[in-house]
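Examining the three-dimensional arrangement
Listed here are the chains, written in short residue letters.
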Protein chains: 2
Amino acid sequence: MASLEEQLELIQSGTSEIVPLADLKKKLAEGRPLRIKLGVDPTAPDLHLGHAVPLRKLRQFQDLGHVVVLIIGDFTARIGDPSGRNTTRPALTAEQIEENAATYIAQANKILNPDLTELRRNSEWLGKMDFADVIKLTANFTVARILERDDFAKRIAEQKPISLHELLYPAAQAMDSVAIEADVELGGTDQLFNLLAGRELMEKRGMAPQVCLTLPLLEGLDGVQKMSKSYGNYIGLTDGADDMFGKAMSIPDELMIKYFTLATPLAPAEIGQIEAGLTDGSRHPNAVKRRLAREIVALYHDAAAAEAAEAAFDLVFKQHEIPEDIPEATVAEVATPGEDGSIYLPALMLACGLASSASEARRLIDGGGVKLDGKPLLKGAYQCQPAALKAAVLQVGKRRFIRLT
Amino acid sequence: MASLEEQLELIQSGTSEIVPLADLKKKLAEGRPLRIKLGVDPTAPDLHLGHAVPLRKLRQFQDLGHVVVLIIGDFTARIGDPSGRNTTRPALTAEQIEENAATYIAQANKILNPDLTELRRNSEWLGKMDFADVIKLTANFTVARILERDDFAKRIAEQKPISLHELLYPAAQAMDSVAIEADVELGGTDQLFNLLAGRELMEKRGMAPQVCLTLPLLEGLDGVQKMSKSYGNYIGLTDGADDMFGKAMSIPDELMIKYFTLATPLAPAEIGQIEAGLTDGSRHPNAVKRRLAREIVALYHDAAAAEAAEAAFDLVFKQHEIPEDIPEATVAEVATPGEDGSIYLPALMLACGLASSASEARRLIDGGGVKLDGKPLLKGAYQCQPAALKAAVLQVGKRRFIRLT
């Protein structure tokens, strides 16, 4: 087993906060396998690298010999938002939940060690509670303390209504920690309040309180918004190897180290060396990004698939004689999507300096002189979905290129 | 059956608010027996005239042919206040609750018509609710709306903590209205919010919403504080006839009409005549107060007991040659209780002008020249419990009297 210091170094890497760190040290010093909790909302079937951040941290705990307790939040998913105000919380049938849970677990098992994963559904204990139990549970919380939570405080400031039932969810999540006797609970930085509520409830019940460990939100490929399906800036855990490699190559340089830390299995020491190399110029950013892309593909496929994906990536550029060092343009900055969400290419070409006017751009497209990733655009193909432009190279004639990001 | 106008006149007499009055008219016009709800907390075993105010109103509804649904709040009484902050809400055993409920019902049946009373315990429906049901129920309320309630708003202003479970009680009370399909719910003026919450929940459930009827709080015998056991200013429903008559005679003149309205079965028209008589001087206040005292005793005992109590009351005064028209003094104004709660009589006598000094007062007492309700005080009996002074006459020698209130 790793030493206390080694364990701490790995566990702390990439975290935002560990509250309180002293308790974590004490628990690790006990030398027993700790119970590491992650609560999962079974409403989103497709996972991406953002979802994988806490899963990677769980895997690190498993590699250190600890036990992961993955809680499927089937209880609240079945209820949804009865007030009807929250469209992201629809009521799901038991079948939908089981289907989502199965998909989730299949994807999570690309990262986790199933032998050290305990899978629980919180309907096991929350479904058995009656009104009297709920009153006893909620008596442990004060209204003021719950309304301090960021999202509630914001809605109060904006005079947006908060339904009474929403205040019950932090209490329910805290109850999960009691039920599974969590030693550590993981969450995003925006979850700190809920994690602390679990800690407080355990203390009031006379249990050893859990340690709260928060992880930063991972920015998506645009480098700005958090990774999310709705922003289209994500790498899905089930993406094909070539697709995954190409998307990874569009990660902004300044986020590479964060991605290494939060999205790959590289040890903190090795990531430190890479960072130092980038800083002193001994490593080239393009080479580092290729390494990052290979690591990500190898994690969700395998090393051979990663090599093949890199070769395929190179082939596109070599085959079409696309030089590696070409100017870049961010689609979101140079083009505005139409009402249907599509991009009008002649306007984009004009904005990028690939044509002197929209009508010239249209003539170039119609004449077969404009290629997207090496393939000529068809006559009249002026509209293009933003997804098709992601990390693509737009080429006019033989020598003019723009890499879109 | 009484006409709509007659019903309205009786129902409206003595009420604070009827929200909305139009709905009450509509419901009465349907000509069916309405279901009139009163929720009762089975924690206080002894009822007094203050508790009787809503019971009297229920009786009026019964006299008009409507049905009373008396809800024993056994569900929440069994839980108490799990946060331990509220000492007036201890957890009660099922046996204690049944015992209190039996006592309550026995006392309430001095006023109500048992044949038109439906007795329910809210554990019937609240006890069957699980966590999911609670979430669905609370989704009907917004936090802001509940925190507007007077007592919550006050605690927020004073930065006193509110436990999360306390927010569930208005929802539970509203659920009671749904469960018994209330047409009208009664409560004190401080209950209006809770009554309205029931109305709103019924509307959201697609039911004909209940009408909220509030009644004023009855001031106690001191004419200042609301009637309450803890202020010692009450007439208990189980008080003996003589005691009840004597206490009623100490009701302040300016509250007589309110007591007639809220605490006797006299019709509004007759109370109107009494009030007019007092105003034009055709009725003497003392005669009116005797009538009030007789009415109250007759209600909880019978007419014969009322006459006997009046005769006994007169006898005390005649026997001891106490004139009816003697000066009065309010104990709380002329004396300060000591640390043990007792009154030092020499100081009181001095303050009332019955002695020129405390030492003279002590001499008078020791000499047997001071009587309380006709009985001479013993030598050295300087300390007296406030209860013994209530409505008592303090006499020095043959001619100096003070009626204490």
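Report on the accompanying structure. All values reported here derive from a predicted model rather than from experimental measurement. (Residues numbered from 1 in each chain as written. Chains lettered and ligands numbered in written order. Predicted model: local features only at pLDDT ≥ 70, side-chain atom pairs only at ≥ 80, totals over all residues. Heavy atoms only, no water.)

Bringing the overall build of chain A into the picture now. Along chain A, the regular secondary structure elements total 20 helices and 13 strands. In terms of its C-alpha atoms, chain A occupies a principal-axis envelope of roughly 75 × 50 × 40 Å. Here chain A holds 405 residues, and the buried ones make up 49% of them. Considering only intrachain contacts with a sequence separation of at least 6, the fraction spanning at least 24 residues in chain A is 68%. For chain A, the computed accessible surface area is about 18200 Å², with 51% contributed by carbon and sulfur atoms. Between the mean site of the 45 positive side-chain charges and the mean site of the 56 negative ones, chain A shows a separation of 2 Å. (Helix = DSSP H or I, 4+ residues; strand = E, 2+ residues; numbered from the N terminus. Buried < 20%, exposed > 50% of the residue type's maximum accessible area, 1.4 Å probe, protein only. Contact = heavy atoms within 4.5 Å. Areas by Shrake-Rupley, 256 points an atom, 1.4 Å probe, with all protein chains shown as cover. Lys, Arg positive; Asp, Glu negative; His and termini not counted. Charge placed at Lys NZ, Arg CZ, Asp CG, Glu CD.)

This paragraph deals with the relation of the copies chain A and chain B. Mapping chain A onto chain B is achieved by rotating through 180° and translating by 0.2 Å along the same axis, at an RMSD of 0.3 Å. Here the two chains are linked by the operation of a two-fold rotation axis. By C-alpha distance to the rotation axis, the residue of chain A lying nearest is A:Asp130, at 1.8 Å. The share of interface residues of chain A whose copies in chain B are also at the interface is 100%, consistent with both copies meeting through the same surface. (Least-squares fit on C-alpha atoms with pLDDT ≥ 70 in both.)

Turning our eyes to something else, we now look at the packing of aromatic side chains. Counted by the stated rule, this structure contains six aromatic pairs over all chains. Taking 5.3 Å as the distance between ring centres and 45° as the angle between the ring planes, the aromatic pair formed by A:Phe75 and B:Phe131 counts as tilted. Within this pair, whereas A:Phe75 is found in helix H4 (residues 74–79), its partner B:Phe131 is found in helix H7 (residues 131–138), the two belonging to separate chains. Among the residues examined, A:Phe75 registers a relative accessible area of 6% and is labelled buried. (Phe/Tyr/Trp six-rings, centres within 6.5 Å; stacked < 30°, edge-to-face > 60°.)

Bringing the interface of chain A and chain B into the picture now. At the junction of the two partners, chain A supplies 29 residues and chain B supplies 30 residues. Both sides together, the interface formed by chain A and chain B hides about 2600 Å², and carbon and sulfur atoms give 82% of it. Where chain A packs against chain B, one counts zero salt bridges. The tally of links between chain A and chain B comes to eight residue pairs in polar contact (both at pLDDT 80 or more). Looking at the side of chain A that touches chain B, the elements with two or more residues in it are H4, helix H7 (131–138), helix H8 (143–147) and helix H10 (168–180) of chain A. Take the side of chain A that touches chain B: its biggest share by element is six residues, from H7(A). Looking at side-chain class alone, the side of chain A that touches chain B contains 21 nonpolar, five polar and three charged residues. (Buried area = accessible area lost by both parts, 1.4 Å probe. Salt bridge = Lys/Arg side-chain N within 4 Å of Asp/Glu carboxyl O. Polar contact = N/O pair within 3.5 Å; in protein donor to acceptor, adjacent residues only side chain to side chain. Nonpolar A, V, L, I, M, F, W, Y, C, P; charged D, E, K, R; others polar.)

Residue and element names in this part refer to chain A. On the basis of which strands lie adjacent, the open sheet formed by six strands has the order S1-S6-S5-S2-S3-S4 and mixed pairing. The open sheet terminates on both sides in strands that have one partner only, identified here as strand S1 (17–19) and strand S4 (117–121). Here the strands of the sheet are splayed against their neighbours by 25° on average, with no regard to which way each runs. Where strand S2 (residues 35–40) and strand S5 (residues 184–188) come together, two bridges link them in parallel fashion. By the bridge assignment for S5, Ile36 is matched with Val184. Contacting S1, S5 and strand S6 (211–215), helix H11 (residues 192–204) crosses the sheet at an angle of about 170° to S6. (Pairing = 2+ DSSP bridges. Axes fitted to C-alpha atoms, helices over the stretch in contact; angles between N-to-C directions.)

Residue and element names in this part refer to chain B. For the coordinates displayed, the defined rule picks out 52 salt bridges over all chains. Between Arg155 and Glu166 there is a salt bridge whose closest N-O contact spans 2.9 Å. Highlighted residues: Arg155 in helix H9 (residues 150–157) and Glu166 in the loop between H9 and helix H10 (168–180), separated in sequence by 11 residues. Under the relative-accessibility criterion, Glu166 is labelled buried at 15%. Across the pair Glu295 and Arg291 runs a salt bridge whose closest N-O atoms are separated by 2.9 Å.

What follows deals with unusual backbone geometry. In this model, A:Val19 is joined to A:Pro20 through a cis peptide bond whose omega is -10°. Inspection of the secondary structure assignment puts A:Pro20 in the loop between S1 and helix H2 (21–29). Here B:Gln159, not a glycine, exhibits a phi torsion of approximately 55°, which is positive. Along the polypeptide, B:Gln159 turns up in the loop between H9 and H10.

This part is about helix H13 (residues 256–263) of chain B. Residue and element names in this part refer to chain B. Counting buried positions along H13 gives six out of eight residues, so the element sits mostly inside the fold. All of the buried residues along H13 are Met256, Ile257, Tyr259, Phe260, Leu262 and Ala263. Along its buried surface, H13 packs onto helix H3 (49–63), helix H14 (268–280) and helix H15 (285–300).

The next subject is the sheet that holds strand S6 (residues 211–215) of chain B. Residue and element names in this part refer to chain B. Taken together, six strands build an open sheet; the order of strands is S1-S6-S5-S2-S3-S4 and the sheet is mixed. Each edge of the open sheet is held by one strand with a lone partner, namely strand S1 (17–19) and strand S4 (117–121). Averaged over neighbouring strand pairs, the angle between their axes works out to 25° when direction is ignored. In this sheet, S4 lies alongside strand S3 (residues 67–72) in parallel orientation, the contact comprising five bridges. Bridging across to S4, Val69 finds its partner in Glu118.

Looking now at the nonpolar core. Ranked by size, the top nonpolar core spans 66 residues in total, and within it A:Phe131, A:Phe141, A:Leu167, B:Phe131, B:Phe141 and B:Leu167 carry the most contacts. Beyond its immediate stretch of four places on either side in the chain, A:Phe131 contacts B:Phe75, B:Leu126, B:Met129, B:Asp130, B:Val134, B:Leu137, B:Leu168 and B:Ala172. (Core = buried A, V, L, I, M, F, W, Y, C linked by side-chain atoms within 4.5 Å.)

Moving on, we come to the side chain of A:Arg56. Checked against the element boundaries, A:Arg56 lands in helix H3 (residues 49–63). Comment: no salt bridge for buried A:Arg56; closest opposite-charge side chain is A:Asp63, at 5.5 Å.

Moving on: the state of the cysteines. Counted by the stated rule, this structure contains zero disulfides over all chains. Here A:Cys352 is not cross-linked by a disulfide; its sulfur's nearest cysteine counterpart is in A:Cys384, at 13 Å. (Disulfide = S-S within 2.5 Å.)

All names here are of chain B. Where H13 contacts H14, the two axes come as close as 10 Å, and the packing angle between them is 175°. Here H14 runs roughly antiparallel to H13, going by the angle between their axes. Between H13 and H14, the contacting residues are Met256, Ile257, Phe260 and Thr261 on the first element and Ile271, Ile274, Glu275 and Leu278 on the second. Grouping the constituent residues of the contact of H13 with H14 by class yields six nonpolar, one polar and one charged. (Parallel < 35°, antiparallel > 145°, perpendicular 65-115°, else oblique.)

Residues and elements named next belong to chain B. At a minimum axis distance of 10 Å, the contact between H14 and H15 shows a crossing angle of 155°. In this view, H14 runs roughly antiparallel relative to H15, as classed from their interaxial angle. You can see that H14 and H15 cross each other, and the crossing is left-handed. Judged by residue contacts, Glu270, Ile274 and Leu278 of H14 engage Pro285, Val288 and Arg291 from H15. Grouping the amino acids of the contact of H14 with H15 by side-chain chemistry returns four nonpolar, no polar and two charged. (Left-handed = near helix turned anticlockwise from the far one by under 90°.)

The values are spatial; any link to function lies outside them.
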